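# Reading the structure
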Amino acid sequence: MTAPDALRHIEVRHPALQGAKSPMQTLRIKTSSSDTAKGPRQRPGRDLLPLLAGGATTVGAVGAFLALADANSPLRGPFTLFFLLAAPSVAIGAALRGLDPFGRVLTSVAGAVVLDMLVAQGMLAVHRWSVPGGIVAVTALSSLILLLTLVRRRRTQGPSNGWGKSVRGAR
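What you see is a predicted model, and the numbers here were worked out from it, not measured in a lab. Along every chain, residues carry numbers that run from 1 in the direction the sequence is written. Given that the model is predicted, a residue must reach a pLDDT of at least 70 before its local features are reported, and side-chain atom pairs must reach 80 or more before they are shown or counted; all residues, however, enter totals for whole chains, interfaces and linings. To get the side-chain values, all heavy atoms of the structure are used, and hydrogens and water are removed first.

On to the overall build of the chain. Only runs of H or I of at least four residues qualify as helices and only runs of E of at least two qualify as strands under DSSP, and these elements are numbered from the N terminus. Regarding its fold elements, the chain presents 7 helices and 0 strands. Ordered by position from N to C terminus, the α and β elements of the chain give α-α-α-α-α-α-α. By residue count, 17% of the 171 residues in the chain fall in the buried class. Long-range pairs, those at least 24 residues apart, make up 40% of the contacts in the chain between residues at least 6 apart in sequence. Surface accessibility in these figures is a Shrake-Rupley result with a 1.4 Å probe; residues are shielded only by whichever protein chains are displayed. As displayed, the chain has an accessible area near 13600 Å², and 65% of this comes from carbon and sulfur atoms. Burial status follows relative accessibility: with a 1.4 Å probe on protein chains alone, a residue under 20% of its type maximum counts as buried, one over 50% as exposed, and anything between as partly exposed. Contacts are assigned to residue pairs that have any heavy atoms within 4.5 Å of one another.

The structure is reproduced here in structure tokens:
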């Protein structure tokens with residue numbers, strides 16, 4: 001095979017002139033049958049949400065522990081503040097499932113601040129203010145709100161078969 005005179009020396013040695021396939025011709029873009037069986041593809045950051053939730057839970061638990069243990073740590077203040085805002089926010093946010101996400105976040109954070117202030121005001125009014133007492137009170141109230149929300153949700157969904165499936169109406 002002779003190259004035309006107009007070709008440069010680098011083009012004469014190109015593999016495509018000898019019948020080789022170009023890299024773009026060897027790419028195959030096909031979905032395998034196993035990909036379609038899984039259903040729609042998940043978003044790339046979908047696995048990030050449980051990781052962030054676990055990290056937030058850890059930070060809150062460490063904050064509560066540092067406050068209850070009266071530890072001398074520079075992380076005590078920020079982590080305890082995070083716990084005092086996050087614990088009631090999660091409980092109130094779980095109760096507000098009907099709101100849009102922005103309204104739910106805004107309402108749950110505002111509710112957390114109100115709950116913290118009510119606990120502090122109540123403890124000051126009865127002259128029983130203490131940091132560990134405040135942490136315990138906020139934890140107890142947040143747990144109570146979350147428990148009541150779960151009980152209400154369970155009551156409205158009906159009995160379960162133990163696998164998360166409702167058995168209401170099943171024969």
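Moving on, there is more to tell.
With that settled, the discussion passes to the nonpolar core. Taken as a class, soluble globular proteins show a tendency for nonpolar side chains to be buried jointly. A64, A67, F83, A87 and I135 form the largest nonpolar core, which has 5 residues in total. Residue assignment for this core shows that the elements contributing at least two residues are α4 (48-69) and α5 (76-95). Side-chain atoms within 4.5 Å link the members of a nonpolar core, which is a set of buried Ala, Val, Leu, Ile, Met, Phe, Trp, Tyr and Cys residues.

Looking now at the confidence of the model for the chain. A score from 0 to 100, pLDDT tells how confident the predictor is in each residue. Across the chain, the average pLDDT comes to 81, with 68% of residues at 70 or higher. Here helix α3 (residues 33-37) is the element of the chain with the lowest mean pLDDT, 53, and helix α6 (residues 101-125) is the one with the highest, 95.

Salt bridges are identified by distance alone: a Lys or Arg side-chain nitrogen within 4 Å of an Asp or Glu carboxyl oxygen. In this structure the tally under the stated criterion is 1 salt bridge. Between R76 and D70 there is a salt bridge, with its nearest N and O atoms 3.0 Å apart. Taking the relative accessible area as the measure of exposure, D70 reaches 53% and is therefore exposed.

A 1.4 Å probe that fits but cannot get out identifies a cavity on a 1 Å grid over protein atoms alone, an open set with protein on both sides within 12 Å along at least five of seven lines counts as a pocket, and a residue lines either if it has an atom within 4 Å of a point. Grid points are joined across faces, edges and corners, and a volume is the space filled by probe spheres set on the points. Of the volumes computed, that of the largest pocket is approximately 490 Å³. Lining the largest pocket are 17 residues, and of these A53, A56, T57, A86 and V90 lie nearest its centre. Broken down by secondary-structure element, the contributors of at least two residues to the lining of the largest pocket are α4, α5 and α7 (131-157). Here the lining of the largest pocket gets 7 residues from one element, more than from any other, and that element is α4. Looking at side-chain class alone, the lining of the largest pocket contains 12 nonpolar, 5 polar and no charged residues. Residues were grouped as follows: Ala, Val, Leu, Ile, Met, Phe, Trp, Tyr, Cys and Pro as nonpolar; Asp, Glu, Lys and Arg as charged; and all remaining residues, including Gly, as polar.

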